[in-house]
Amino acid sequence: MVRLRGLLAAVCYRMGNPRWRRHWRAAYAGVALPGYGQLLTGLDPQLGLHFWLLAVEEGLAIPEAAAALDHIPGGIEAVQGLLVGPDPQVRGRGAQALALAAQEKSMPALVDARQGEEEPGVIAALEEAQEAIVRTPPPRLRVQLLGGFALHRGDEPIPDSAWPRPLVRRLFQYFAVNAGVPLPTERL
């Protein structure tokens, strides 16, 4: 029933039917129940994307929407798309959601949106989002040296093609093995 209400909310909203609010509230109450939180993010992410994006557009439960969209593939990119819309309120809400998600991959979109923005309230929201991302610590690096070299930044693996030269990769490995040990220049 929650998924049906979420679908009805999204469809009614796109058709301009004011009943979308009633359906949205019912679906939102459903996902707030214990055990139903991942229903629109894990079980049906495409519907979840539309449902939570609608929430950001209309300023409904933005913190919950930002958290959900952060877990839906393409969710953060969809919120970034709100930064270029015609409605300044929606642009500001999109910036607010990106500030709550604090994903560094949003920074280029925020910078681009800030350069073309004229509304003072939206400018403030964009700058706040940029500050939130800057204040957020970067993902942890996880280095595997035994059984083959592997490097992960958060959950994302860093491919071998990311290293500009093999020497840089070997130098990083050397620093990882000797972390915390003072190294004289001659040794390097």
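The structure reproduced in this document is the subject of the present report. Everything quoted here is computed from the prediction, not taken from an experiment.

1. Looking at the overall build of the protein chain
The secondary structure content of the protein chain amounts to ten helices and three strands. Listed by position from the N terminus, the elements making up the protein chain come as α-α-α-α-α-α-α-α-α-β-β-β-α. Relative to the compact-globule value of 16 Å for 188 residues, the protein chain shows a C-alpha radius of gyration of 21 Å, a clear excess of over 25%. For the protein chain, the spread of C-alpha atoms along the principal axes amounts to about 70 × 40 × 25 Å. Classification of the 188 residues of the protein chain by burial places 36% in the buried group. For the protein chain, long-range pairs separated by at least 24 residues make up 51% of all intrachain contacts whose partners lie at least 6 apart in sequence. For the protein chain, the accessible area works out to roughly 11500 Å², and carbon and sulfur atoms hold 57% of it. Counting 19 positive and 19 negative side-chain charges, the protein chain places the averaged centre of each group 7 Å from the other.

2. Overview of the environment of Ala 150
Considering the arrangement of structural elements, one finds Ala 150 in strand S2 (residues 150–153). Sequence spacing of Ala 150 and Glu 131 is 19 residues, and the spatial spacing of their C-alpha atoms is 31 Å. What Ala 150 contacts, discounting residues up to four positions off in sequence, is Arg 142, Val 143 and Gln 144.

3. Description of the sheet that holds strand S1 (residues 141–144)
Reading across from one edge, S1-S2-S3 is the order of the three strands in this open sheet, with antiparallel pairing throughout. Whereas interior strands pair on both sides, the edge strands pair on one side only; in this sheet they are S1 and strand S3 (156–157).

4. Considering helix H2 (residues 20–31)
An ideal rise of 1.5 Å per residue puts 16 Å on twelve residues; H2 measures up with 16 Å between its terminal C-alpha atoms. Listed in full, the buried residues belonging to H2 are Trp 20, His 23, Trp 24, Ala 27, Gly 30 and Val 31. The arc that holds every buried residue of H2, seen down its axis, measures 125°, which confines them to one face.

5. So, the packing of aromatic side chains
Evaluation of the coordinates by the stated rule reveals eight aromatic pairs. Measuring from ring centre to ring centre gives 4.9 Å for Trp 24 and Tyr 28, while their planes differ by 10°; the resulting arrangement is stacked. Placement of the pair is Trp 24 and Tyr 28 together in helix H2, with a separation of four residues, close to one helical turn. For Tyr 28, a relative accessible area of 25% translates into the label partly exposed. Seen from their ring centres, Trp 163 and Phe 172 are 5.3 Å apart, and the 45° between their planes marks the pair as tilted.

6. Looking at the pairing of S1
As paired strands, S1 and S2 are joined by four bridges and run antiparallel to one another. The partner of Arg 142 across the bridge, within S2, is His 152. The hairpin formed by S1 and S2 contains five residues between the paired strands, and Gly 147 there has a positive phi angle of roughly 75°.

7. Section: the packing of helix H7 (residues 88–101) against helix H9 (residues 120–135)
Interhelical geometry of H7 versus H9 gives an angle of 10° and a closest axis separation of 8 Å. One finds that H7 runs roughly parallel with respect to H9. Of the two possible hands of crossing, H7 and H9 adopt the one that is left-handed. Here Pro 88, Arg 91, Gly 92, Ala 95 and Ala 99 of H7 lie close against H9, whose contacting residues are Val 122, Ala 125, Leu 126, Glu 128, Ala 129 and Ala 132. Classifying every residue of the contact of H7 with H9 gives eight nonpolar, one polar and two charged.

8. What to know about the environment of Leu 54
For Leu 54, the location among the structural elements is in helix H4 (residues 45–58). Linking Leu 54 and Ala 65, residues eleven residues apart in sequence, is a C-alpha distance of 8.9 Å. Dropping the residues within four chain positions of it, Leu 54 is found in contact with Ala 9, Ala 10, Tyr 13, Trp 20 and Trp 24.

9. Thoughts on the pairing of S2
Bridge count between S2 and S3: two bridges; the pairing is antiparallel. Of the residues in S3, the one forming a bridge with His 152 is Pro 157. Following S2, the chain reverses through two residues before pairing antiparallel with S3; Gly 154 in that reversal takes a positive phi of roughly 70°.

10. What to know about a nonpolar patch on the surface
A contiguous nonpolar patch, built from Met 1, Leu 4, Leu 7, Leu 8, Val 11 and Met 15 and spanning about 620 Å² of accessible area, is present on the exposed surface. Relative to the helices and strands, Met 1 resides in the segment before helix H1 (2–15).

Conventions used here
Once a new chain begins, its residue numbering starts again from 1 and follows that chain's sequence as written. In view of the model being predicted, local features appear only for residues whose pLDDT reaches at least 70, and side-chain atom pairs are presented and counted only at 80 or more, with totals across whole chains, interfaces and linings using the full set of residues. By convention in this description, side-chain values take in all heavy atoms of the structure and omit both hydrogens and water. Helix and strand assignments follow DSSP, with helices taken as H or I runs no shorter than four residues and strands as E runs no shorter than two, numbered in order from the N terminus. It is over C-alpha atoms that the radius of gyration is taken, and the globule rule equals 2.2 Å times the number of residues to the power 0.38. Whether a residue is buried, partly exposed or exposed follows from its accessible area with a 1.4 Å probe, protein chains only, as a fraction of its type maximum: under 20%, in between, or over 50%, in that order. Contacts are assigned to residue pairs that have any heavy atoms within 4.5 Å of one another. Residue-level accessible areas treat just the shown protein chains as cover; the underlying method is Shrake-Rupley with a 1.4 Å probe. Neither His nor the chain termini are counted; the positive set is Lys and Arg, and the negative set is Asp and Glu. Taken as the charge centre is NZ of Lys, CZ of Arg, CG of Asp or CD of Glu, depending on the residue. Strands qualify as paired when DSSP identifies two bridges or more between them. Multiply 1.5 Å by the residue count of a helix minus one, and that product is the helix's expected span. As used here, the arc is the angular range of directions from the helix axis to the C-beta atoms. For this analysis, a ring pair means two rings from Phe, Tyr or Trp (six-membered ring only for Trp) whose centres lie within 6.5 Å, classed as stacked if their planes differ by under 30 degrees, edge-to-face if by over 60, and tilted for the remaining angles. Geometry is summarised by axes, namely lines fitted to C-alpha atoms with helices restricted to the contacting stretch, and by angles between N-to-C directions that run from 0 to 180 degrees. Convention used here: angles under 35 degrees read as roughly parallel, angles over 145 as roughly antiparallel, angles from 65 to 115 as roughly perpendicular, and any remaining angle as oblique. In this scheme, a crossing is called left-handed if the near helix is turned counterclockwise away from the far one by less than a right angle; it is called right-handed if the turn is clockwise. Here the nonpolar group is Ala, Val, Leu, Ile, Met, Phe, Trp, Tyr, Cys and Pro; Asp, Glu, Lys and Arg are the charged ones; every other residue, Gly included, is treated as polar. Within this analysis, patches are made of residues with over 30% relative accessible area and no salt bridge. Like charges are joined at 9 Å or less; nonpolar side chains (Val, Leu, Ile, Met, Phe, Trp, Tyr) at 5 Å or less. Throughout this description, the term salt bridge denotes a Lys or Arg side-chain nitrogen within 4 Å of a carboxyl oxygen of Asp or Glu.

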